[in-house]
Amino acid sequence: MGLLVAAARALVEEVGPDVALDEVARRAGVGNATLYRHFPTRGDLLVAVYADELAALCDRADLDHAAPGDALFEWLEAFVGHVASKGSLAEAAPAERRTELFDEWHRRLRETLTGLLERAQRSSEVRADLTPADLAAAAGGIARSSTDTAQAHRLLGFLRRGIAAGPARDG
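Residues numbered from 1 in each chain as written. Predicted model: local features only at pLDDT ≥ 70, side-chain atom pairs only at ≥ 80, totals over all residues. Heavy atoms only, no water.

Engineer: Summarise the overall build of the protein chain; cite the residues concerned and give the values.
Structural biologist: When its secondary structure is counted, the protein chain shows 8 helices and 0 strands. Reading the helices (α) and strands (β) of the protein chain from amino to carboxyl end gives α-α-α-α-α-α-α-α. Counting only C-alpha atoms, the protein chain reaches 65 × 30 × 30 Å along its principal axes. Here the protein chain holds 171 residues, and the buried ones make up 41% of them. A separation threshold of at least 6 residues defines the contact pool for the protein chain, and within that pool the share at least 24 residues apart is 63%. Averaging the positions of the 20 positive and the 26 negative side-chain charges in the protein chain gives two centres separated by 1 Å. (Helix = DSSP H or I, 4+ residues; strand = E, 2+ residues; numbered from the N terminus. Buried < 20%, exposed > 50% of the residue type's maximum accessible area, 1.4 Å probe, protein only. Contact = heavy atoms within 4.5 Å. Lys, Arg positive; Asp, Glu negative; His and termini not counted. Charge placed at Lys NZ, Arg CZ, Asp CG, Glu CD.)

Structure below.
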């Protein structure tokens, strides 16, 4: 199954989510029957690719070697890139499973972001009144509205300076 997901991921990066399933099977070195046994529909395969991408994003949060504020913003950079480039994969989820999948994916992202934010707040690197929902909304907005990665990076820099711990600010 891992070979199929890896082949699908590579093809999605090359041609987008409308990848030919026969080509996925060929690249993975398996027959079509094997592909369809594990992934009955294109949506099922794309969900597996997206879930794998999301797991990799959340796993990037293990940045104990970095200062808490740096770890938070390194992860937010990855999050913004993920939202900007992987939306079509998430939308490929079969409609009958979409709510369940989205709830699970959002739960995992919230847990990751909460852990990073709380660590940065304990170190007094970011404002104590900032919530994970605030930060997710701001980062998501940056991801969806940026015209390119340079602009997204610049906007995240503005965000970082804006939420830095310091004298009390009007909120």
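Engineer: Any details on helix α2 (residues 21-28)? Residues and values, ideally.
Structural biologist: Those residues of α2 lying buried are L21, V24, A25 and A28. Considered in projection along α2, the buried side chains sweep an arc of 95° and stay on one side of the axis. Packed against the buried residues of α2 are α1 (2-15), α3 (32-38) and α4 (42-59). Positive phi shows up at G29, right after α2, with a value of about 75°. (Arc of directions from axis to C-beta.)

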